[in-house]
Amino acid sequence: MPSNLRKSYLATSDIHTLPSHLPLGALGLLPVNAYLISARQPILVDTGLAIDRGNFENALWSLVDPRDLRWIVITHDDRDHCGNLKEVLMAAPNATIITNGLTVARLGEEWDVPAHRVRTVNPGRTVELGGRTVSFMRPPSYDSPATLAMYDHTGDALFAADSFGTVLPEMVENAGDADRSDYLEGMSTFTRANAPWTALADQVKWDSTLAEFSKLNPGSVLSSHAPTATSRAGELVETVRAVPAMDPWLPDEDLEVEAVLDRYEASHSDTEPQGAK
Ligand SMILES: [Fe+2]
Ligand SMILES: [Fe+2]
């Protein structure tokens, strides 16, 4: 598969987006972003797609010296967030991973993350990373129990992991450059596809979870799967608020079981011996 990595751009004055995407057939394109906070102690948020290996590291190291990278925040263990973690960690001798203990356990299915290179954190924790204050929280929707969102107080930016992701007909850097209905309808679809459990969510509890994000009202919402959303947190919250009442979403399927059974029964009856009952 060819690399889909595109040129890095600034999401805010000191946060770089390393953008890629995955094609999802008729649904459109799913943005897949990692982010680099250019702080006194630089912070990388997620590590891109494995199909971008090599290109991802080249783009990252053009923005920060590997010896200067200090923190690698892993929002969760999914492959689109950890695609180049091992390569980045090995190249950056002074970097420490910050993630949830469940992510470490789940990554252990594939490789042993060196324990001395990891600090674990749970939702609700606020820490200082080289003078930059960040708070970790569970985002509204997610597809791994390990998922952490991160709010950067200095940049007033929410790194939302899979939450507030969307699918789009073409890639754009800013949500304002996308057609508004494409962007918001794509968000409804992606949220249901990524977190089908939202169909079971209690609306009152869902609303109270979203109320916390409304209160936070981050200036920038930086989803792993969306262009930069500036000053529109309220609109995003309203979009996902409607999700539990919507029909669940499922992809198309190639195998229609009932049609296959009908064909089997028809052919079986054709070959039945004469006189059989
Ligand atoms: Fe995920
Ligand atoms: Fe994801």
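Refer to the structure printed above.
Report on the accompanying structure. (Residues numbered from 1 in each chain as written. Chains lettered and ligands numbered in written order. Predicted model: local features only at pLDDT ≥ 70, side-chain atom pairs only at ≥ 80, totals over all residues.)

## Structural notes on the sheet that holds strand β13 (residues 229-230)
- The six strands are arranged β8-β9-β10-β11-β12-β13 in an open sheet whose pairing can be described as mixed. One side of each edge strand has no neighbouring strand; the edge strands of this open sheet are β8 (126-129) and β13.
- Across four bridges, the pairing between strand β9 (residues 132-137) and strand β10 (residues 149-152) is antiparallel. Opposite Ser135, over in β10, you have Tyr151 as the bridge partner. (Pairing = 2+ DSSP bridges. Helix = DSSP H or I, 4+ residues; strand = E, 2+ residues; numbered from the N terminus.)

## Considerations on the nonpolar core
- Residues Tyr35, Leu44, Val73, Phe159 and Leu222 are the most contacted members of the largest nonpolar core, which totals 64 residues.
- With six residues, the top contributor of residues to this core is strand β3 (residues 29-37).
- If near-sequence neighbours (up to four positions away) are discounted, Val73 is found in contact with Ile43, Leu44, Val45, Ile98, Thr99 and Met150. (Core = buried A, V, L, I, M, F, W, Y, C linked by C-beta atoms within 7 Å. Buried ≥ 20, exposed ≤ 12 C-beta atoms within 10 Å, placed from the backbone. Contact = placed C-beta atoms within 7 Å.)

## What to know about the sheet that holds strand β6 (residues 96-99)
- If you walk across this open sheet you meet the seven strands as β1-β2-β3-β4-β5-β6-β7, and the pairing is mixed. Single-partner strands in this sheet number two, and they are β1 (9-10) and β7 (118-120).
- Alignment of strand β2 (residues 15-23) against β3, held across nine bridges, turns out to be antiparallel. Considered in β3, the bridge of Ser20 is made with Val32.

## Things to note about the pairing of β8
- By the bridge criterion, four bridges tie β8 to β9 in an arrangement that is antiparallel. Directly across from Val127, in β9, lies its bridge partner Val134.
- In this structure, the hairpin formed by β8 and β9 is closed by a connection of two residues, where Gly130 is found at a positive phi of approximately 60 degrees.

## A short note on the packing of helix α6 (residues 203-216) against helix α7 (residues 233-241)
- Relative orientation of the contacting elements α6 and α7 amounts to 170 degrees, with a least axis distance of 10 Å. One way to sum up the angle between α6 and α7 is to call them roughly antiparallel. On α7, the residues touching Asp207, Leu210, Phe213 and Ser214 of α6 are Ala233, Gly234, Val237, Val240 and Arg241.
- For the contact of α6 with α7, the per-class residue count stands at five nonpolar, two polar and two charged. (Axes fitted to C-alpha atoms, helices over the stretch in contact; angles between N-to-C directions. Parallel < 35°, antiparallel > 145°, perpendicular 65-115°, else oblique. Nonpolar A, V, L, I, M, F, W, Y, C, P; charged D, E, K, R; others polar.)

## Here we look at unusual backbone geometry
- The phi torsion at Ala161 lies on the positive side, around 55 degrees, for a residue other than glycine.
- If you trace the backbone, Ala161 turns up in the loop between β11 (157-159) and α5 (180-194).
- Residue Asn217 is not a glycine yet carries a positive backbone phi of 45 degrees.
- Here Asn217 shows up in the loop between α6 and β12 (220-222).

## A closer look at α5
- Look at α5: 21 Å from first C-alpha to last across 15 residues, which is about the 21 Å you get at 1.5 Å a residue.
- For α5, the elements touching its buried residues are α7. (Expected span 1.5 Å × (residues − 1).)

## Side note on α7
- Within the sequence span of α7, burial applies to Ala233, Leu236, Val237 and Val240. Buried positions in α7, seen along its axis, are confined to an arc of 100 degrees and lie on one side of it.
- On its buried face, α7 is in contact with α5, α6, β12 and β13. (Arc of directions from axis to C-beta.)

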